[in-house]
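Letter by letter, the chains look like this.
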Amino acid sequence: MRFEDLPIQFACTAVNIENGELTVFTQGDILPAVKASMAMPGVFKPVKIDGKKNIQMVEPWKFFQ
C-alpha cells in the first residue's frame, strides 16, 4: 500500500542515522516508512529507504556527539 492510496492523509517521521537529518514520509510505500519510524536504536535494525538508513526519532543528536 502507498501513502497516496489512503483515504486520509498520513505521514510518519524517521531520522537518517548517518547525518541526523529528519525525514517526513508522505509518499511511496507505507510499510518501509512505518518500519523506519518504529526502528528503535539497539532494538531494531535501521531501515534503508532510498539508500539512506533510517531509525526512530529518539534524541538523534546523542548519536553524533
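Note: the structure precedes this text.
Structural notes, computed from the coordinates. Position numbers for residues count from 1 along each chain, tracking the sequence in the order it is written. With the structure being a predicted model, the display of local features is reserved for residues of pLDDT at least 70 and the display and counting of side-chain atom pairs for 80 or more, all residues being used for whole-chain, interface and lining totals. Remark: hydrogens and water are excluded; side-chain values derive from all non-hydrogen atoms of the structure.

### As for the overall build of the protein
Secondary structure elements are defined from DSSP: runs of H or I of at least 4 residues count as helices, runs of E of at least 2 residues count as strands, and each element is numbered from the N terminus. From N to C terminus, the protein includes one helix and four strands. Moving toward the C terminus, one meets the helices and strands of the protein in the order β-β-α-β-β. The buried share of the protein, taken over its 65 residues, is 26%. The contact definition used throughout considers only heavy atoms, calling two residues in contact when any of these lie within 4.5 Å. The contacts in the protein between residues at least 6 apart in sequence include a share of 41% that link residues at least 24 apart. What sets the accessible areas is the Shrake-Rupley method with a 1.4 Å probe; for residues, cover comes only from the shown protein chains. Carbon and sulfur atoms make up 57% of the accessible area of the protein, which amounts to about 4,800 Å² in all. Working definition: with a 1.4 Å probe on protein chains only, accessible area under 20% of the residue-type maximum means buried, over 50% means exposed, and in between means partly exposed.

### Some remarks on a nonpolar patch on the surface
On the surface, Leu 22, Val 24 and Met 57 cluster together to form a nonpolar patch covering roughly 280 Å² of accessible area. With respect to the helices and strands, Val 24 occurs in strand β2 (residues 22-25). Patches here: salt-bridge-free residues with over 30% relative accessible area, like charges joined within 9 Å, nonpolar side chains (Val, Leu, Ile, Met, Phe, Trp, Tyr) joined within 5 Å. The working definition used for a salt bridge is a side-chain nitrogen of Lys or Arg within 4 Å of a carboxyl oxygen of Asp or Glu.

### Here's the deal with the packing of aromatic side chains
Any two rings among Phe, Tyr and Trp, with Trp reduced to its six-membered ring, count as a pair given centres within 6.5 Å; such a pair is stacked if its planes are under 30 degrees apart, edge-to-face if over 60, and tilted if neither. Taken as a whole and assessed by the stated rule, the structure comprises one aromatic pair. Judged by centre distance (5.8 Å) and plane angle (15°), the ring pair of Phe 3 and Phe 10 falls under stacked.

### Quick word on the sheet that holds strand β4 (residues 52-55)
The strands that make up a sheet are held in pairs by hydrogen bonds between backbone atoms, and each pair lies either parallel or antiparallel. Strand order in the open sheet made by the four strands is β2-β1-β4-β3, with antiparallel pairing throughout. Either end of the sheet is taken by a strand with one partner, and the two such strands are β2 and β3 (47-49). Neighbour-to-neighbour, the strand axes of this sheet turn through a mean angle of 45°, independent of strand direction. Both strand β1 (residues 12-16) and β2 contribute to a ladder of four bridges, which runs antiparallel. Directly across from Cys 12, in β2, lies its bridge partner Phe 25. When DSSP finds two or more bridges between a pair of strands, those strands are recorded as paired. A fitted line through C-alpha atoms serves as each axis, taken over the contacting stretch for helices, and the angle formed by two N-to-C directions is quoted from 0 to 180°.

### Brief notes about the pairing of β4
Here β1 runs beside β4; their pairing, made up of two bridges, is antiparallel. Directly across from Asn 16, in β4, lies its bridge partner Asn 54. Across three bridges, β3 lies against β4 in antiparallel orientation. Residue pairing for β4: Val 47 is matched across the bridge by Asn 54. Counting the residues between successive antiparallel strands, the hairpin from β3 to β4 contains two residues, one of them, Asp 50, with a positive phi of roughly 55°.

The analysis is restricted to geometry; functional conclusions fall outside its scope.
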